[in-house]
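Descriptive analysis of the structure
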There are 2 protein chains.
Amino acid sequence: MNKIDLYFTPAEVQDSDLADKLVIVIDVLRASTTAAVALANGAREIIPVASIDAAGELKQKLGKEHVLLCGERDGIKIEGFDLGNSPAEYEPKAVKDKALIFCSTNGSKAMLKGGQGVFCLVGGLVNLSEVLRFAVREQKDTAIICSGSGGKFSFEDAVTGGKYIAELEKKLGRELDKNDGARAALQLFRREETDLYAALRSSFHGKYLVTLGFEADIRASAQLDSVPVVPLFTGGRIVRHQPETVTAQ
Amino acid sequence: MNKIDLYFTPAEVQDSDLADKLVIVIDVLRASTTAAVALANGAREIIPVASIDAAGELKQKLGKEHVLLCGERDGIKIEGFDLGNSPAEYEPKAVKDKALIFCSTNGSKAMLKGGQGVFCLVGGLVNLSEVLRFAVREQKDTAIICSGSGGKFSFEDAVTGGKYIAELEKKLGRELDKNDGARAALQLFRREETDLYAALRSSFHGKYLVTLGFEADIRASAQLDSVPVVPLFTGGRIVRHQPETVTAQ
């Protein structure tokens, strides 16, 4: 593992950028957090889809039993859906053994793009150390895709991406070769590292979530390593990576 | 003027983001610099086009006299074109009274996108104060579009954009309302402000230009206010804004 690239929006990424890469998709407010919480609480799988129509069609195909429609537009649960994008909704009684069809404004698209990598993990602050443990074990050059917000740069994903890079270099004990995005994200993180909650909350999307009454979600999303699961996107589904299958280091 | 938005790539920008905005397009290495130099040296107009084919077609239409084909791919002059994208080529004897059809990898596309604003200026470090003087006079909310590099975030444009924001706030004597991109660019600039040449040279594209032998272009592009002209993109053409038409403040 020598190289770490970071992209601030999925639109920056071409498929060729991900060839032979381990990919970490970040949508810290809130899809990454929600995915980790859902899998920790027993959801069987999360299936990201790009549109509301695609979600409905997939539900028709999979049947109604044990399948939930999940997602938001402009931060609010989609009409007729079972769950929105607040991690607080993804309690065990709601999601245990369920397949979640997941359609968020930004995260779903970034996940579908990230699926072009050799491995694709979904990373937030709540599961950072577990995701990095997986990455370090695989020893692959890594690409971080920030979901951004409505196709635009988002500060909260950039700072979280910077935290991933800082911790990865600390674990490896050496500097990695960074693209311009990775270098910038690391610099942005350095200014914010003493209070990541404040960084998330001060972002455009963070402020918007506060107006919707989701401040608790921001606090939950900033709790480092509070949900130590590895969401692994493989074959079109995000499943919980089972650490017992891991070979010793 | 209350708001300043910055976008790291043209793909982040929707036309609605530019409604009633003054737009500053930045491609500091090297299209912004080249445009300022060309107009300072007497070029009549610069016509940005999105593709090599479009450039050829337009040349057919405009005729050969007083028209030059200009532009690069991967930093190198396009085969059969008259000039590349090195500001050093745009001497008076080459460009005086000429119309320049301009096709660069990133800058041309950003300029065409920026043309959706009420005003669109092309800004580099070489003409920063002049461009900001125009912006402050117009009193409009402002959007900065960084050209990026191959559709990706570029460090040199981000830092230059941050410098624009820092100087604009200094001129106005107050803070502006910033989107996440503007906030991040300003933070990135603050780390680099003591040596903008080093910042440009250390970027991915800067290092690439050095390998091509264009280090002098980087040095020229970093010379603050060395080419005090305002390239104004209007009606599909970039012309030199004539300060004598300006009303007194």
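So, here's what we can say about the structure.

Looking at the overall build of chain A
The number of helices and strands found in chain A is ten helices and eleven strands. A compact globule built from 249 residues should have a C-alpha radius of gyration of about 18 Å, and chain A, at 17 Å, falls within 12% of that. Seen along its three principal axes, the alpha-carbon backbone of chain A occupies a region of about 50 × 40 × 30 Å. Partitioning the contacts of chain A with sequence separation of at least 6, the portion at a separation of at least 24 is 81%.

Some points on the relation of the copies chain B and chain A
After a rotation of 180° and a shift along the axis of 0.0 Å, chain B superposes on chain A with an RMSD of 0.0 Å. The transformation just described matches what one would write down for a two-fold rotation axis. With an isologous cut-off of 70% or more, the 100% of interface residues of chain B that recur at the interface of chain A puts this contact in the isologous class.

Section: the interface of chain B and chain A
In this assembly, 21 residues from chain B lie in contact with 21 residues from chain A. Elements with a minimum of two residues in the side of chain B that touches chain A: α6 (155-172) and α7 (180-192) of chain B. In terms of residue count, the dominant contributor to the side of chain B that touches chain A is α7 of chain B (seven residues).

Considerations on the nonpolar core
In terms of nonpolar packing, the biggest core is built from 160 residues, with Leu-100 and Ile-101 of chain A together with Leu-100 and Ile-101 of chain B touching the most fellow members. Other than its neighbours up to four places away in sequence, Ile-101 of chain B contacts Ile-47, Val-49, Ala-55, Leu-58, Lys-59, Val-67, Leu-68, Leu-69 and Cys-70 of chain B.

Comments concerning the environment of Val-37 of chain B
Positionally, Val-37 of chain B belongs in helix α1 (residues 31-40). Not counting residues within four places of it along the chain, the set of residues in contact with Val-37 of chain B comprises Pro-87, Tyr-90 and Val-227 of chain B.

Let's talk about the packing of helix α5 (residues 128-138) of chain B against α6 of chain B
All names here are of chain B. Where α5 meets α6, the closest approach of the two axes is 10 Å, and the angle between their N-to-C directions is 55°. As the angle between them shows, α5 and α6 are arranged oblique. Every pair of crossing elements has a handedness; the one defined by α5 and α6 is right-handed. Within the contact between the two elements, α5 uses Leu-128, Leu-132, Ala-135 and Val-136 and α6 uses Lys-163, Tyr-164, Glu-167, Leu-168, Lys-171 and Leu-172. When grouped by side-chain class, the residues that make up the contact of α5 with α6 number seven nonpolar, no polar and three charged.

Considerations on the packing of helix α7 (residues 180-192) of chain A against α7 of chain B
Where α7 of chain A contacts α7 of chain B, the two axes come as close as 10 Å, and the packing angle between them is 90°. When the interaxial angle is binned, α7 of chain A and α7 of chain B end up roughly perpendicular. On α7 of chain B, the residues that touch Ala-184, Gln-187, Leu-188 and Arg-191 of chain A of α7 of chain A are Ala-184, Gln-187, Leu-188 and Arg-191 of chain B. Here the contact of α7 of chain A with α7 of chain B is composed, by residue class, of four nonpolar, two polar and two charged.

What counts and how
- Starting from 1, residues in each chain are numbered consecutively following that chain's sequence as written.
- The naming scheme follows written order: chains are lettered A onward, ligands numbered 1 onward.
- Residue-level local features of this predicted model are given only where pLDDT is at least 70; pairs of side-chain atoms are given and counted only at 80 or more, and the full residue set underlies all totals for whole chains, interfaces and linings.
- Counting from the N terminus, the helices are DSSP H or I runs at least four residues long and the strands are E runs at least two residues long.
- As defined in this context, the radius of gyration uses C-alpha atoms, and a globule is described by 2.2 Å times the residue total to the power 0.38.
- Think of it this way: build a C-beta for each residue from its backbone, and any pair within 7 Å is a contact.
- The superposition of copies rests on a least-squares fit of C-alpha positions from residues with pLDDT of 70 or more in both.
- The term nonpolar core refers to a group of buried residues, namely Ala, Val, Leu, Ile, Met, Phe, Trp, Tyr and Cys, whose C-beta atoms join them within 7 Å.
- To sort residues by burial, count the other C-beta atoms lying within 10 Å of each one's C-beta; a count of 20 or more means buried, 12 or fewer means exposed, and anything in between means partly exposed. C-beta atoms are built from the backbone.
- Orientation is described by axes fitted as lines to C-alpha atoms, over the contacting stretch for helices, and by angles from 0 to 180 degrees between their N-to-C directions.
- Angles are sorted into four bins: roughly parallel if under 35 degrees, roughly antiparallel if over 145, roughly perpendicular if 65 to 115, and oblique for all others.
- A clockwise turn of the near helix away from the far one marks a right-handed crossing, whereas an anticlockwise turn of less than a right angle marks a left-handed crossing.
- Amino acids are sorted into nonpolar (Ala, Val, Leu, Ile, Met, Phe, Trp, Tyr, Cys and Pro), charged (Asp, Glu, Lys and Arg) and polar (every other residue, Gly among them).

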